[in-house]
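Coordinates in review
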Amino acid sequence: MAEANRLDFEQGPIRPPNEAKSLLLRVTRNCSWNQCLFCPVYKGREFSRRNVEEVKEDIRTIKRMKEDLTSLSGRLGAGGEVNDQVIGYVFHHAEYSHAYRNVAAWLYYQEYNVFLQDANNLVLSTKELKEILEFLRQEISPVNRITTYARSKTVNRKSLEELKTLRLAGLDRVHIGLESGSDAVLALMKKGVTASEHIEAGQKVKAAGISLSEYIMPGLGGKALWRDHALETARVLNAIDPDFIRIRSLRVPTRVPLHALVSEGSFVPLNDDEAAEELRLLVDHLEGISSTVTSDHIMNLLEDVSGTLPQDKGKLLAAIDAYRFLSPEDKLIYRFGRRGGAYRSVKDMKDLVLRNKIERAVEEVRTTHPEGVDSFLNDLVDQTV
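Just so we're clear, the structure is a prediction, and the values are computed from it rather than from any experiment.

1. Side note on the overall build of the chain
Counting secondary structure elements, the chain contains 16 helices and 10 strands. Viewed in the frame of its principal axes, the chain has a C-alpha envelope of about 60 × 50 × 45 Å. Within the chain, buried positions represent 53% of all 385 residues. Residue pairs in contact within the chain that sit at least 24 positions apart in sequence constitute 74% of those at least 6 positions apart. Accessible area for the chain stands at about 16,600 Å²; split by element, carbon and sulfur atoms hold 50% of it.

Below is the structure:
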């Protein structure tokens with residue numbers, strides 16, 4: 001274990017939920033923009049670019065970790081495979097670094113995807129990023145998919161030929177925070193990009209042959225701009241036709257800069273019922289696209305608003321309507337179960353044993369939480385942001 005104790009490399013703080021089984025490789029530190037009012041990540045942290053040799057050395061370390069894990073597996077009688085026994089051993093012993101455990105989990109799940117951290121790696125020159133991508137695929141095998149975050153504004157600074165170069169070097173997917181297609185909402189949230197720039201970037205990524213995930217944020221317009229937010233976001237998505245539309249509902253805990261506007265009353269957040277109405281309006285106006293919609297985050301009220309357009313549009317709307325048509329008391333029961341992690345969709349309420357437990361929990365909160373169940377639920381879900 002002595003050699004393993006010395007094996008470590010730098011990793012950033014976050015990754016998309018669908019990259020939970022991916023190897024994490026930090027290319028830049030923090031966010032080059034870092035002004036969005038709704039985002040709590042990276043605030044107070046300085047952006048910096050890692051040089052190519054730094055990243056290459058981390059890739060070499062990952063290669064050594066793979067070799068060390070193969071050796072460990074042999075010593076444990078697992079024949080070189082990272083199986084339950086090996087992963088249990090690594091996570092049980094505190095001597096192994098967080099990065100070492102990430103590599104072990106990556107080998108254990110065998111999906112072999114890599115996510116490049118942090119928030120906007122396309123700020124690197126095409127030459128630098130190409131060198132990193134090619135070195136990664138050369139040194140680490142197998143690698144099925146390489147993915148990164150990027151800002152629309154940054155994508156637009158690269159030519160189509162540059163993006164095609166990155167695709168050929170091994171960049172398979174780009175995640176972009178669209179958040180909203182409303183220029184009014186984008187300006188209010190200090191997103192630093194316009195709807196037309198979002199469209200340009202999304203279309204350019206797709207034209208380069210790179211898979212595109214666009215993140216949307218229900219609730220971002222608040223009560224004043226909810227309708228414009230829904231309709232304009234649908235319009236922009238229709239113009240882009242991204243491979244994936246990923247739902248990330250707005251939450252405004254105290255540590256988020258947007259909370260200052262909430263406190264002064266200039267931004268009024270939507271409640272869950274209003275957010276469901278907004279999301280339905282948005283989905284109803286998605287037309288002429290073949291995107292896969294996913295709701296893969298605990299902040300979202302309805303996890304089963306998922307499917308591929310156009311064939312699943314009715315299914316998406318039905319999942320939203322299933323909540324909309326609940327009685328007020330059933331909505332409360334569902335919200336409590338969802339925020340506590342027990343429910344994923346309204347269909348889960350058919351489990352009467354689980355429902356009875358949730359009803360008892362609601363009654364307990366009613367008697368013990370002086371500010372009410374809604375306040376309790378807001379505090380609960382804000383802990384996930």
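So, next bit.
2. Observations concerning the sheet that holds strand E1 (residues 23–26)
Ordered by their spatial adjacency, 8 strands build an open sheet running E1-E4-E5-E6-E7-E8-E9-E10, and the pairing between neighbours is mixed. Sheet topology places E1 and strand E10 (307–308) at the edges, where each strand pairs with a single neighbour. Here strand E5 (residues 145–150) pairs with strand E6 (residues 173–179) via 4 bridges, running parallel. Paired with Thr147 across the strands is Arg173, a residue of E6. Against the sheet, helix H9 (residues 195–207) touches E6 and strand E7 (211–216), its axis set at about 150° to E7.

3. Things to note about the environment of Ile289
Mapping Ile289 onto the fold places it in the loop between helix H12 (272–284) and strand E9 (292–294). For Ile289, a relative accessible area of 5% gives the class buried. Each C-alpha atom of the pair Ile289 and Asn378 lies 34 Å from the other, and the pair is 89 residues apart in sequence.

4. Comments concerning the pairing of strand E8 (residues 244–247)
Covered by surrounding structure in E8 are Phe244 and Arg246 together with Ile245 and Ile247, the residues of both alternating faces. In the classification by handedness, the crossover that spans E7, the intervening helix H10 (residues 222–240) and the parallel E8 is right-handed. Both E8 and E9 contribute to a ladder of 3 bridges, which runs parallel. Along E9, the bridge assignment pairs Ile245 with Val293.

5. Focus: the nonpolar core
Taken as a class, soluble globular proteins show a tendency for nonpolar side chains to be buried jointly. In this structure, Leu69, Val114, Leu116 and Tyr334 are the most contacted members of the largest nonpolar core, which totals 92 residues. Those residues in contact with Tyr334 that sit more than four places away from it in its chain are Leu301, Leu302, Tyr323, Leu326, Tyr343, Arg344, Ser345, Val346 and Met349. Of all hydrophobic cores here, the second largest spans 13 residues; its members include Leu37, Leu250, Val252 and Leu261.

6. What to know about the pattern of salt bridges
Overall, the coordinates contain 38 salt bridges when judged by the stated rule. The network of salt bridges with common partners includes Glu10, Arg26, Arg29, Arg50, Glu54, Asp58 and Asp118.

7. What about the packing of H12 against helix H13 (residues 313–324)?
If you want to describe how two helices pack, look at the angle between their axes and the distance between the axes. The contact between H12 and H13 brings their axes to 10 Å, and the two run at 165°. Taken together, the axes of H12 and H13 lie roughly antiparallel to each other. In terms of crossing hand, the pair formed by H12 and H13 is left-handed. Here Asp272, Asp273, Ala276, Glu277, Leu279, Arg280, Val283 and Asp284 of H12 lie close against H13, whose contacting residues are Lys313, Leu316, Leu317, Ile320, Asp321, Tyr323 and Arg324. In terms of residue class, the contact of H12 with H13 is made up of 7 nonpolar, no polar and 8 charged.

8. Comments concerning the packing of aromatic side chains
In the structure shown here, the tally under the stated rule is 9 aromatic pairs. By way of ring pairs, the aromatic residues Tyr89, Tyr96 and Tyr100 are connected into one cluster. A cation over a ring is seen here: Arg246 above Phe244, with NZ or CZ 4.6 Å from the ring centre. One Lys or Arg, Lys331, reaches over the ring of Tyr323 and ends 5.4 Å from the middle of that ring.

9. Some words on helix H14 (residues 328–339)
At 3.6 residues per turn, the α-helix brings residues three or four places apart onto the same side. Over its 12 residues, H14 runs 16 Å from end to end, which matches the ideal 16 Å to within 8%, given 1.5 Å per residue. Of all 12 residues that make up H14, 9 are buried, and the element is covered over most of its length. Along H14, the residues classified as buried are Lys331, Leu332, Ile333, Tyr334, Arg335, Phe336, Gly337, Arg338 and Arg339. Taken together, the buried residues of H14 touch H12, H13, helix H15 (352–368) and helix H16 (373–382). Gly341 occupies a position one or two residues after H14 and carries a positive phi of about 85°.

10. Remarks on the side chain of Arg50
Along the polypeptide, Arg50 turns up in the loop between strand E3 (48–49) and helix H2 (52–75). Look at Arg50 and you get buried, because its relative accessible area is 5%. Here Asp58 takes part through its side chain, which lies 2.7 Å from a polar atom of the side chain of Arg50. With residues up to four places along the chain from it excluded, the contact list for Arg50 reads Glu10, Arg26, Val27, Thr28, Arg29, Val55, Asp58 and Leu124.

Calculation rules
- Residues numbered from 1 in each chain as written.
- Predicted model: local features only at pLDDT ≥ 70, side-chain atom pairs only at ≥ 80, totals over all residues.
- Heavy atoms only, no water.
- Helix = DSSP H or I, 4+ residues; strand = E, 2+ residues; numbered from the N terminus.
- Buried < 20%, exposed > 50% of the residue type's maximum accessible area, 1.4 Å probe, protein only.
- Contact = heavy atoms within 4.5 Å.
- Areas by Shrake-Rupley, 256 points an atom, 1.4 Å probe, with all protein chains shown as cover.
- Pairing = 2+ DSSP bridges.
- Axes fitted to C-alpha atoms, helices over the stretch in contact; angles between N-to-C directions.
- Right-handed = clockwise from strand over helix to strand, strands pointing away.
- Core = buried A, V, L, I, M, F, W, Y, C linked by side-chain atoms within 4.5 Å.
- Salt bridge = Lys/Arg side-chain N within 4 Å of Asp/Glu carboxyl O.
- Parallel < 35°, antiparallel > 145°, perpendicular 65-115°, else oblique.
- Left-handed = near helix turned anticlockwise from the far one by under 90°.
- Nonpolar A, V, L, I, M, F, W, Y, C, P; charged D, E, K, R; others polar.
- Phe/Tyr/Trp six-rings, centres within 6.5 Å; stacked < 30°, edge-to-face > 60°.
- Lys NZ or Arg CZ within 6 Å of the ring centre and 35° of its normal.
- Expected span 1.5 Å × (residues − 1).
- Polar contact = N/O pair within 3.5 Å; in protein donor to acceptor, adjacent residues only side chain to side chain.

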